[in-house]
Each structure stands twice: as structure tokens, then as C-alpha cells.
Amino acid sequence: MTSPHIPSEADWDQAPSLMDGALNLELSAATCNLAYWLNSVPQGTLRGRILGHADEVRPLDVVREEGPLNSAIKQELAFRSIAEEKATRAIGYMVALAPDQDTMEFYSTQLLDEARHSMVFRSHLLQLGTAPHELTADVERLAAEDSAAILEPLENFGLRVLRDERDFIGGVLVLTVLVEGVLAPAAELSERKWRVFDPAAADIERGAGIDEIRHLTVGSHILREHLLKHPEEKPRLLELMAEGYELWGRLPTTAQLLRRETLFQKGIDEHGHLLGDYEAWPGRRLADTTPEERMETGKAWAEKMQHTRLAYMGLGEAI
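Residues numbered from 1 in each chain as written. Predicted model: local features only at pLDDT ≥ 70, side-chain atom pairs only at ≥ 80, totals over all residues. Heavy atoms only, no water.

Caption draft 1: Inspection of the overall build of the chain at higher detail. What the chain contains, in helices and strands, is 11 helices and 2 strands. Written out in order from the N terminus, the α and β elements of the chain read α-α-α-α-α-α-α-α-α-α-β-β-α. For the chain, the C-alpha radius of gyration of 19 Å lies close to 20 Å, the compact-globule estimate for 319 residues. Looking at the 319 residues of the chain, the share that counts as buried comes to 58%. (Helix = DSSP H or I, 4+ residues; strand = E, 2+ residues; numbered from the N terminus. Rg over C-alpha atoms; globule rule 2.2 N^0.38 Å. Buried < 20%, exposed > 50% of the residue type's maximum accessible area, 1.4 Å probe, protein only.)

Here it is, written out as C-alpha cells:
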């Protein structure tokens, strides 16, 4: 038997970074249908990495032990696991509302991707010291406050559009631009931050990022094609985006990120010698970065991604 051909954007070794892929690739629902997913993801991205990383890839002891690095990564994983669970449930409405077979199949695969992300984020908490029988309670303890303050308002906004208004294209906009388009750059920064301290967590982010390239580019293509066929929809979608951005502006995301980055910085202060000359991004050693610098870099990446994607979709007026 011959090995299946894995498209480069889904191949673990060949796929671009999340930022590069989301900025430069063009994929459609017809391209990324169920047959594509069955060939590319289980046999490509996930091969040997069902839980997001190979069995032999493990966090360093300084991350497994109680301390600022352990606290920072556990807070992040707990929050991300809840976010991905909420996304999974919301995407069920997109599957039901999808206007054609390819789009229905694509969002069916995205639903499974997001459910897997939630699973692997939770499962890594077990490697970081959480007892299996305490996993649910630990996630709640670590992330309940941030979930209520950040995720629930976003969830309510998305459910209003999808469940109550049954607005499929509005749901694509909310998911692609206002949720994943904002959170994806933070995920890339996370992969880079944890590469030395916790290579398993970095690999989990790498695999999730490969999926997110597909989600962002296909969602952008759906919106672009819709506006080319229905230009009269642009004012309504711009209004929906303005409402979403106004909501984002009221959420305490900066305080959450600063809390995590401050913990991570304490970890650098204690264990920065382990980082050596490893670079967070070209020309900048991770050991030399500050919480504010990492936050500003993530923000700049998010703005660049959003500007590029919005222009591609035909919604550049929102910039």
C-alpha cells in the first residue's frame, strides 16, 4: 500500500506557522471537505500525536513542579479547554445551517477539531500534576472566573446570531473574525513561549495551529464568496462586526493576559538559564522579553492578521 499524500498545510513537518498560513494561504470548503480531512488530519497532522504530542515529548520538571510556570500553563490550558468546548457546541448550529454539502462537511470537521483541542488541553493538565478524579474541578477552579467574564459574553453573542437569528454567514463572521482571528495569534505566541519549558504543550499548540490555519482561511473564503455574490450584505456585516468589536473592548482580556505573563516572567526569572539563546521571534531571545513586550507582540500579530483577512474578504472598511 502507498502512503496517502498529505497536503503541505496539514503535514506536521511542512505546515507553515499559524501566522504565515493564515496570512498567505487560500483554502475553500470545497477543498477542505470531509474527504480532505479524513486523508489529511488523522493520517497527517495527528499521526502518532492523538493527544497532541508524541509520547516521549514531556514538560520539564520545572513546569511539572509547583511554581509560577506550572500556574501559568495550567491557567492557560484550563481556559483554552473551556473556550474550545464552547466553540464546539456553537459550531453545531453552523453544521445545521450550512447552505451546501461541502460547507456542512467542513464545519463538521471543524466541530471535531475543536472538540479534540478541548480534550488535549485538558489531558495535558494530567501531565502537569492534576489528578484524573480532580480534572473537572481543577479546570473550574482555574478558569471559572475568566470564563464568566470573557467566554460567556462571547458565547451569548455567537448564540444570538446562530441559534436565535439562524444567521449562518453572521456566524461565520463572528467565529472567523471576532473569535479565532483574535485568539489565534495568542496561540502562536503560546507555542513559541513554551517550546523549551514544555515542548509537549508547544506541540499541542502546533497541532491546534495547523487546524486553525484551515479554519481561518476557509471561513475567510466563505465570507469573500458570499460578499461577491451579495454585496448588499456588506453594511449588515460591518454593523455586526462593529458590535462584536465593541463587545471585545469591554472584556477584561488585557488583565487576564497580564496575569499569565507575569507568572511566566517569574518563571523566566527563576529558570531563564534553561532558555539559553532560544528566540521567541527572530532576533529576540525569550529570556530577554518582558510581559508587556510579549503582550504587545501578540496584539500586533492579531492586528496584522485581521487587517489582511478583512481586506481579502472585502470588509476592509472595518479596519
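Caption draft 2: A look at the packing of helix α6 (residues 135–164) against helix α7 (residues 168–194). Two elements in contact, α6 and α7, have axes whose closest approach is 7 Å; the angle formed by their N-to-C orientations is 155 degrees. Accordingly, the angle class assigned to the pair α6 and α7 is roughly antiparallel. Along the contact surface, α6 presents F157, G158, V161 and L162, while α7 presents F168, G170, G171, V174 and L178. Here the residues of the contact of α6 with α7 are counted per class, giving 6 nonpolar, 3 polar and no charged. (Axes fitted to C-alpha atoms, helices over the stretch in contact; angles between N-to-C directions. Parallel < 35°, antiparallel > 145°, perpendicular 65-115°, else oblique. Contact = heavy atoms within 4.5 Å. Nonpolar A, V, L, I, M, F, W, Y, C, P; charged D, E, K, R; others polar.)

Caption draft 3: Seen up close, helix α4 (residues 68–97). Taking 1.5 Å per residue as the helical rise, α4 with its 30 residues ought to reach 44 Å, and the 44 Å between its terminal C-alpha atoms agrees with that figure. The element α4 is largely enclosed, with a buried count of 24 among its 30 residues. (Expected span 1.5 Å × (residues − 1).)

Caption draft 4: Up close: the side chain of K193. Inspection of the secondary structure assignment puts K193 in helix α7. In this structure K193 comes out as buried when scored by relative accessible area, which is 6%. With sequence-adjacent residues up to four places away left out, K193 is seen in contact with E76, E261, F264, L286 and R294.

Caption draft 5: Layout of the pattern of salt bridges. The full count for this structure, using the stated rule, is 25 salt bridges. The closest approach of N and O atoms between D146 and R259, which form a salt bridge, is 3.0 Å. You can see D146 sitting in helix α6 and its partner R259 sitting in helix α10 (residues 253–271), a full 113 residues away along the chain. In the salt-bridge network here, residues are joined through shared partners; they are D113, R116, D211 and R214. (Salt bridge = Lys/Arg side-chain N within 4 Å of Asp/Glu carboxyl O.)

Caption draft 6: Inspection of α7 at higher detail. For α7, built from 27 residues, the straight-helix expectation of 39 Å at 1.5 Å per residue is met to within 8% by its first-to-last C-alpha distance of 36 Å. A maximum bend of about 45 degrees is found in α7 at E180. α7 sits mainly inside the fold: 22 of its 27 residues count as buried. (Bend = angle between axes of the 7 residues up to and from the residue.)

Caption draft 7: Representation of the environment of S190. Within the fold, S190 resides in helix α7. What makes S190 buried here is its relative accessible area of 4%.

Caption draft 8: Here's a closer look at a nonpolar patch on the surface. Judged by side-chain polarity, I50, L51 and M119 come together as a nonpolar surface patch covering roughly 280 Å² of accessible area. Structurally, M119 can be placed in helix α5 (residues 101–127). (Patch = residues over 30% accessible without salt bridge, like charges linked within 9 Å, V, L, I, M, F, W, Y side chains within 5 Å. Areas by Shrake-Rupley, 256 points an atom, 1.4 Å probe, with all protein chains shown as cover.)

Caption draft 9: View of the packing of aromatic side chains. Tallied over the entire structure, the rule returns 5 aromatic pairs. With centroids separated by 5.9 Å and ring planes inclined at 85 degrees, the aromatic side chains of Y107 and F168 adopt a geometry described as edge-to-face. Here the residue Y107 occupies a position in helix α5, and F168 occupies one in helix α7, the gap between them amounting to 61 residues. The class for Y107 is buried, based on a relative accessible area of 0%. For F168, a relative accessible area of 10% translates into the label buried. Taking 6.3 Å as the distance between ring centres and 80 degrees as the angle between the ring planes, the aromatic pair formed by W281 and W301 counts as edge-to-face. (Phe/Tyr/Trp six-rings, centres within 6.5 Å; stacked < 30°, edge-to-face > 60°.)

Caption draft 10: Representation of the side chain of H271 within the structure. By secondary structure assignment, the location of H271 is in helix α10. The buried category is assigned to H271, whose relative accessible area is 19%. If we ignore the near neighbours within four places in the chain, the residues touching H271 are V62, L69 and F197.

Caption draft 11: Representation of the environment of G52 in the model. Relative to the helices and strands, G52 resides in the loop between α2 (34–45) and α3 (61–64). Exposure remark for G52: the relative accessible area of 5% places this residue in the buried category. Considering only alpha carbons, one finds G52 and E205, 153 residues apart in sequence, at a separation of 7.9 Å.

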